[in-house]
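Structural overview for review
The residues making up each chain are set out below.
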Amino acid sequence: MIDYFALALTHALILIAILRVFMRDDLDREDSPGAEPEVAKPNRREARRARRAGGKTRDA
């Protein structure tokens, strides 16, 4: 006899995995193969700290 709970559990886990893959933001972008990702500009706090330090950034 088929264990319906085990069958339903495995199918539910597969469905959750498929949904998580399709909901990723990476699937919405089409970058050219040779393009490098854009470097995010520092936020206001980091920019202010860099100016106060005389252009030197500290590593965390």
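Above this text is the structure in question.
This section reports on the structure supplied with the text. (Residues numbered from 1 in each chain as written. Predicted model: local features only at pLDDT ≥ 70, side-chain atom pairs only at ≥ 80, totals over all residues. Heavy atoms only, no water.)

Turning our eyes to something else, we now look at the overall build of the chain. On a plain count of helices and strands, the chain comes out with two helices and zero strands. Taking all 60 residues of the chain together, the buried fraction comes to 0%. For the chain, the computed accessible surface area is about 6700 Å², with 57% contributed by carbon and sulfur atoms. (Helix = DSSP H or I, 4+ residues; strand = E, 2+ residues; numbered from the N terminus. Buried < 20%, exposed > 50% of the residue type's maximum accessible area, 1.4 Å probe, protein only. Areas by Shrake-Rupley, 256 points an atom, 1.4 Å probe, with all protein chains shown as cover.)

What follows is about a positive patch on the surface. A cluster of basic residues, Arg44, Arg45, Arg48, Arg49, Arg51 and Arg52, forms a positive patch at the surface. Tracing the backbone through its elements, the reader meets Arg52 in helix 2 (residues 44–52). Take Arg52: its relative accessible area is 71%, and that puts it in the exposed class. (Patch = residues over 30% accessible without salt bridge, like charges linked within 9 Å, V, L, I, M, F, W, Y side chains within 5 Å. Salt bridge = Lys/Arg side-chain N within 4 Å of Asp/Glu carboxyl O. Lys, Arg positive; Asp, Glu negative; His and termini not counted. Charge placed at Lys NZ, Arg CZ, Asp CG, Glu CD.)

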